[in-house]
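If you want the building blocks of each chain, they are given just below.
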Amino acid sequence: METAENLPDKAKILIVDDTLENLQLLAEMLNRRGYAVTGAPDGPTALMIAENEPPDLILLDILMPETDGYAVCRQLKSSPQTASVPVIFLSALEDTENKIKGFQAGGVDFITKPFQAEEVSIRIETHLKLRGFQKKLEEQNRRLETEINARSRAEEKLKKYSGELEKLVAERTTELQKEHRLKEELLQQLQRTQRMEALGTLAGGIAHDFNNILFPILGYAEMMRDDLPEDSGQQEYLKQILQGIDRAVQLVRQILTFCRRSDHKIEPLQIHLIVKEVLKLMRASLPSTIEIRQHVKDCGMVLADPSHIHQMLMNLISNAFHAMEETGGCLTVALEDIHLLPEEICGEEMLPGDYIRLRVADTGSGMDSLTEEHIYDPYFTTKEQGRGTGLGLSVVHGIVKSCKGHIRVDTAPGKGTEFTIYLPQAYAWKPGEKQQKNSAPLPGGNECILIADDEIQILHMLRQMLERLGYQVSAHRNSADALAVFRAIPQQFDLLITDYTMPHMDGLHLAKQIKSIRPDIPILLCTGYSERVNRETAEASGIKGFMLKPISKKDLAETVRRLLDLHPDSGAGSRKK
């Protein structure tokens, strides 16, 4: 038989009985089996002992004075301290009714007196084991409940952190997407800048060569015009040649200004010349499905930057083309002088007066009112990705406002779009007015001029042109040869005319060498085009004369005379006057 020593702990047993002999007998029997026994002679004493130190099991007599066993058991079960302590009734009452009453009061067993010691011992051990199992189960339940609560709190925290993590991930994803878009935009901007830089470099090279080609053509044409009689039929041909040269010069300058970033110059412009040139340029790039109708009249002048007007027209025509790209249509460009009366002005900032009106119209799909509201917003575009930046009309609007003009759009879905621009005239100018030929002779002289230019045609043309003006000329294709001649007889020369771009030694270097020998000699620096030299850099090097090719005979004569007159006492020329 398993004794109390075999139990996990030394169990504490409370015996309640008003008969001293029964109390002693049970105590002696249970002590021998290793239990810790406490005795109580009545119910109140038992309740006090159990409250102060709850036992592991109670043996309770039923018939006792003052408070019977049933009442004691009910009180024990009603107290949180002792509710779980198992109670075994020991009584001489053996009828079933009393046993049921004992179980109803909360007892776990009922032993009838007189009892067998072994029976009592086995029942006590059984209920103590059950009590032990119950305690373990309760402890496991408590641990499980604690673990469940801990897991619940952890799940709540995890859910909270998961939500915060998802939010952070979403925010970071949005930031990365923005960074990616910004990177793509910067990359595209860099690529566009590099393309423009490459285009500008190409345009600069073309301008330099083209201006060098135009220079002798212009010079020889002017000398031929001077040689022919005024009534010669050849004069009209030469006039057309000179007009063509002037158009070519203006076209090169427009392309340079459009392709390269430079300081914008506001000046009086005959806008109709730019409109005609842009239309010629665009005609080659527009498909044959688009008909171009132009009504461009010779107009007065406006104050504007030539590159701005060029850019404005290119953007308006490009927009019209995209509106008709799929279906074809008609592009109309009209330009005319107009006088607006007070009742005819179409903007709050406009004043009555003389304007130049530009109209660019297409027969495309037109725009709805919502699109029309945003057409001047930067980066707003209705074109598919990669077909437009959304800056075209924003730039146009800015250019018009910078010219103190006004822009208006008339459009409707299915009816095409027409942009009308009003630019205030700078001053009055009569269309078709011809400049009177200046009959005054060009200024000349008898001074000695040293020329250095690696273009043989320009060298010969300059020699002839200057000799016609009375000057003595020493012309050289090599800057080193020109320097050697000057070193040999430095006081012989009154002026140096040098090209900038020459092999072995450029014009600035040659001018520096010349001035180291004769600091007082005037110098005229010429170039077809160069990013490295301009009027400011020339003056910083002590050079008072700077001209861009091609140079007319009149401009050359006046500039040469001005430079020579700045130093009337220098060189051999001062002795010849």
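Preceding this section is the structure that the text describes.
Residues numbered from 1 in each chain as written. Predicted model: local features only at pLDDT ≥ 70, side-chain atom pairs only at ≥ 80, totals over all residues. Heavy atoms only, no water.

On to the sheet that holds strand 14 (residues 472-476). Taken in spatial order, the 5 strands of this open sheet run 14-13-15-16-17, and their pairing is parallel. Lying at the two open borders of the sheet, with one neighbouring strand each, are strand 14 and strand 17 (545-548). Here the average twist between neighbouring strands, direction ignored, is 15°. In this structure, strand 13 (residues 448-452) lies alongside strand 14, joined through 5 bridges in parallel fashion. Counted as the bridge partner of I451 is A475 from strand 14. Lying on the sheet, helix 12 (residues 479-488) is in contact with strand 13 and strand 14; it crosses strand 14 at an angle near 135°. Here helix 15 (residues 553-566) sits on the sheet in contact with strand 13, strand 15 (495-499), strand 16 (523-527) and strand 17, set at roughly 150° to strand 16. (Pairing = 2+ DSSP bridges. Helix = DSSP H or I, 4+ residues; strand = E, 2+ residues; numbered from the N terminus. Axes fitted to C-alpha atoms, helices over the stretch in contact; angles between N-to-C directions. Contact = heavy atoms within 4.5 Å.)

This part covers the sheet that holds strand 11 (residues 406-411). Spatially, 5 strands are ordered 7-9-10-12-11 in an open sheet, and the strand pairing comes out mixed. One side of each edge strand has no neighbouring strand; the edge strands of this open sheet are strand 7 (290-296) and strand 11. On average, each strand axis in the sheet is tilted by 15° relative to the strand beside it, whichever way the strands run. In this structure, strand 7 lies alongside strand 9 (residues 329-340), joined through 7 bridges in parallel fashion. Note that in strand 9 the partner of R293 across the bridge is T332.

Once that is clear, we can look at helix 15. Relative to the 20 Å expected for 14 residues at 1.5 Å per residue, helix 15 spans 20 Å between its end C-alpha atoms, a close match to the ideal helical length. Restricting attention to buried positions, one finds in helix 15 the residues K553, L556, A557, T559, V560, R561, L563 and L564. (Expected span 1.5 Å × (residues − 1). Buried < 20%, exposed > 50% of the residue type's maximum accessible area, 1.4 Å probe, protein only.)

Across all of its chains, the model carries 4 aromatic pairs by this definition. With a centroid separation of 6.4 Å and an interplanar angle of 90°, the aromatic rings of Y355 and Y422 are classed as edge-to-face. Of this pair, Y355 sits in strand 10 (residues 353-362) while Y422 sits in strand 12 (residues 417-424); the two residues are 67 residues apart in sequence, bridging distant segments of the chain. For the pair shown, Y355 and Y422 are each scored as buried. Here the aromatic cluster, defined as three or more aromatic residues joined through ring pairs, consists of Y70, F89 and F110. (Phe/Tyr/Trp six-rings, centres within 6.5 Å; stacked < 30°, edge-to-face > 60°.)

Our focus in this paragraph is unusual backbone geometry. A cis amide bond links K113 with the next residue in sequence, P114, at an omega value of -10°. Locating P114 in the fold gives a position in the loop between strand 5 (109-112) and helix 5 (117-227). A cis geometry characterises the amide bond from K549 onward to P550, with omega recorded as -5°. Residue placement: P550 occurs in the loop between strand 17 and helix 15. Residues other than glycine seldom take positive phi values, yet E66 does so here, at roughly 65°. Structurally, the position occupied by E66 is in the loop between strand 3 (57-61) and helix 3 (69-78). For E66, a relative accessible area of 78% corresponds to the exposed category. Of note, H504 is a non-glycine position whose phi angle comes to about 75°, a positive value.

Taken as a whole and judged by the stated rule, the model has 27 salt bridges. The partner of R143 in a salt bridge is E139, with the nearest N and O atoms 3.6 Å apart. Remark: E139 and R143 occur in helix 5; sequence separation between them is 4 residues, near one turn of the helix. Judged by its relative accessible area of 47%, R143 is partly exposed. One salt bridge connects D520 with R518, and the closest N-O pair in it is separated by 2.9 Å. D520 gets classed as partly exposed once you look at its relative accessible area, which sits at 32%. (Salt bridge = Lys/Arg side-chain N within 4 Å of Asp/Glu carboxyl O.)

Next up on the list: the nonpolar core. Ranked by internal contacts, the top residues of the largest apolar core, which has 41 residues, are I309, M312, L331 and I421. With 9 residues, the single largest contributor to this core is helix 8 (residues 306-324). Beyond its immediate chain neighbours, meaning those up to four positions away, I309 contacts L269, I271, I274, A304 and L423. In this structure, M465, L469, L556 and A557 belong to the second largest nonpolar core, which totals 25 residues. (Core = buried A, V, L, I, M, F, W, Y, C linked by side-chain atoms within 4.5 Å.)

With respect to the helices and strands, the residue N98 is situated in helix 4 (residues 96-105). Each C-alpha atom of the pair N98 and Y70 lies 9.6 Å from the other, and the pair is 28 residues apart in sequence. Once residues within four sequence positions are removed from consideration, N98 is found in contact with Y70, L93 and F110. Within polar-contact distance, the side chain of N98 engages the side chain of D95 at 2.5 Å. (Polar contact = N/O pair within 3.5 Å; in protein donor to acceptor, adjacent residues only side chain to side chain.)

Our next topic: helix 13 (residues 507-517). Taken as a whole, helix 13 has its buried residues at G507, L510, A511, I514 and K515. Buried residues of helix 13, viewed axially, fall in a sector of 130°; they line one side. Away from its buried face, by an angle of more than 90 degrees, helix 13 presents the exposed residues K512 and S516. The N-cap of helix 13, judged by a side-chain oxygen 3.1 Å from the amide nitrogen of L508 a few residues on, is D506. (Arc of directions from axis to C-beta.)

Right, let's talk about the packing of helix 12 against helix 13 for a bit. Running from amino to carboxyl end, helix 12 crosses helix 13 at an angle of 5°, the nearest separation of the two axes being 10 Å. Considering their axes alone, helix 12 and helix 13 lie roughly parallel with respect to each other. Taking contact as the criterion, the partners of S479, L483, F486 and R487 in helix 12 are, on helix 13, L510, Q513, I514 and I517. (Parallel < 35°, antiparallel > 145°, perpendicular 65-115°, else oblique.)

Our next topic: a nonpolar patch on the surface. Side chains of L202, I206, F210, I213, I217 and I241 sit close together on the surface and give an oily, nonpolar patch of about 530 Å² of accessible area. Looking at the nonpolar patch, the element that brings in the most residues is helix 5, giving 5 residues. (Patch = residues over 30% accessible without salt bridge, like charges linked within 9 Å, V, L, I, M, F, W, Y side chains within 5 Å. Areas by Shrake-Rupley, 256 points an atom, 1.4 Å probe, with all protein chains shown as cover.)

Right, let's talk about the environment of M314 for a bit. Residue position: M314 is located in helix 8. Residues M314 and M282, spaced 32 residues apart in sequence, show a C-alpha to C-alpha distance of 8.1 Å. Those residues in contact with M314 that lie beyond four places of it in its chain are V278 and M282.

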